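Structural features, examined
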Amino acid sequence: MRIYCAKDYYHASRVAANIISAQVIMKPDCVLGLATGSTPIGTYEQLIRWYEKGDLDFSETHSINLDEYRGLQPDNEQSYRYFMNTHLFDHINIDKKNTYVPDGTQSDSEKACRDYDEIIRIHGGIDLQILGMGHNGHIGFNEPGSAFGKETHCVKLSESTISANARFFDSVDDVPKEAYTMGIKSIMQAKKIVVIVSGDSKKDIVKKAFLGPITPEVPASVLQLHNDVILVGDEAALSEYYKAVQ
Ligand code: GLP
């Protein structure tokens, strides 16, 4: 694993955006695996800036997002489709037909998951997967205890994830209780993975995920088994990791 320690969130976002840019420049028709949450917002802002300057062209790029709340319409402001449109897709020249987010409105959950796995498969897999990390080590919406062998599936969100994500909703009761997410197996099949972490609140889980035992109890710990992972973090998020390895 390669680690980039940035001095702050802004700098970490630029590093992550640089890696994504390199991918898009080297392979314009690449498949990007994209993530939501507050962490990648700065990365997306940086990509938009470079696109506006004429440095990036996403016209041939495809994207496949990690997850979506079950039951939310794509135009619901809290849906991850809405998040991706407003934080990235509306501002760059990616063709929205080439952007995929699980269909949260599909009530047949088996069909929703099967269809999504098929989308990943027909695109030849993901070239570069961007990940954030939840405070309990979840990646996508793979909560502690998720089997490592799963592809896209429907999950019940844990209480800690519901309360962490409540800040985006009017009240905690409005947070959907289920989501569709790519599984750990789908994530691990990406050719390259970039994990972005920021802030003091992530420092303990970063240490646990990358130095602790590899266990479904800490879903991100599986990334220790991937052969091409880049961890991009700010000093605050990486502080406990560095203390432990020194
Ligand atoms: C959500 C998303 C994850 C994301 C996590 C962390 O639960 N499903 O993909 O990594 O939040 O969010 P944040 O970056 O806001 O800490």
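This text goes with the structure placed above it.
These remarks concern the structure in this document. Note that the structure is a prediction, hence the values are computed from the model and not measured. (Residues numbered from 1 in each chain as written. Predicted model: local features only at pLDDT ≥ 70, side-chain atom pairs only at ≥ 80, totals over all residues. Heavy atoms only, no water.)

A few words now on the packing of helix α1 (residues 9-26) against helix α2 (residues 41-52). Orientation of α1 relative to α2, taken along the N-to-C sense of each, is 60°, at an axis distance of 8 Å. When the axes of α1 and α2 are compared, the pair comes out oblique. In the packing of α1 onto α2, the handedness of the crossing is right-handed. Packed against α1, whose contacting residues are Y9, Y10, S13, R14, A16, A17, N18, I20 and S21, the element α2 presents I41, G42, T43, Q46, L47, R49 and W50 at the interface. Classifying every residue of the contact of α1 with α2 gives eight nonpolar, six polar and two charged. (Axes fitted to C-alpha atoms, helices over the stretch in contact; angles between N-to-C directions. Helix = DSSP H or I, 4+ residues; strand = E, 2+ residues; numbered from the N terminus. Parallel < 35°, antiparallel > 145°, perpendicular 65-115°, else oblique. Left-handed = near helix turned anticlockwise from the far one by under 90°. Contact = heavy atoms within 4.5 Å. Nonpolar A, V, L, I, M, F, W, Y, C, P; charged D, E, K, R; others polar.)

Moving on, we get to the sheet that holds strand β6 (residues 128-131). The strand order across the open sheet built from seven strands is β1-β10-β9-β6-β2-β3-β5, with neighbouring strands paired in parallel fashion. A single partner strand is all that each edge strand has here, and the edge strands are β1 (2-6) and β5 (99-100). As paired elements, β1 and strand β10 (residues 229-234) share five bridges and run parallel to each other. Note on β10: the bridge partner recorded for A6 is D234. Contacting β1, β9 (192-197) and β10, helix α8 (residues 235-245) crosses the sheet at an angle of about 130° to β1. (Pairing = 2+ DSSP bridges.)

Another point: the nonpolar core. Counting residues in hydrophobic clusters, the biggest one holds 61 residues, and the most contacted among them are L88, M133, I139, V195, F210 and L223. Counting residues per element, this core draws most heavily on α1, which supplies seven residues. The residues contacting M133, other than those within four sequence positions of it, are H138, I139, I196, V197, K202, I205, V206, A209, F210 and A220. Core analysis: the next-biggest nonpolar cluster, separate from the first, contains twelve residues, Y69, L72, A166 and A179 among them. (Core = buried A, V, L, I, M, F, W, Y, C linked by side-chain atoms within 4.5 Å. Buried < 20%, exposed > 50% of the residue type's maximum accessible area, 1.4 Å probe, protein only.)

Turning our eyes to something else, we now look at the pattern of salt bridges. Taken as a whole and assessed by the stated rule, the structure comprises eleven salt bridges. K96 serves as the salt-bridge partner of D90, at 2.6 Å between the closest nitrogen and oxygen. With relative accessibility at 43%, the residue D90 sits in the partly exposed group. The exposure class assigned to K96 is partly exposed, which follows from its relative accessible area of 37%. Among the ionic pairs, E118 bridges to R121, the shortest N-O distance being 2.8 Å. With E118 and R121 both in helix α4 (residues 109-122) and three residues apart, the pair spans about one turn of that helix. (Salt bridge = Lys/Arg side-chain N within 4 Å of Asp/Glu carboxyl O.)

Surrounding the ligand, one finds 13 residues, the nearest of these being S38, T39, D67, H138 and K202. Contact between the ligand and D67: a nitrogen atom at 2.8 Å from a side-chain N or O atom of the residue. Measuring from an oxygen atom of the ligand, one finds a backbone N or O atom of M133 at 3.3 Å. Across the shell around the ligand, the residue classes break down as three nonpolar, seven polar and three charged. (Near = heavy atom within 4 Å. Polar contact = N/O pair within 3.5 Å; in protein donor to acceptor, adjacent residues only side chain to side chain.)

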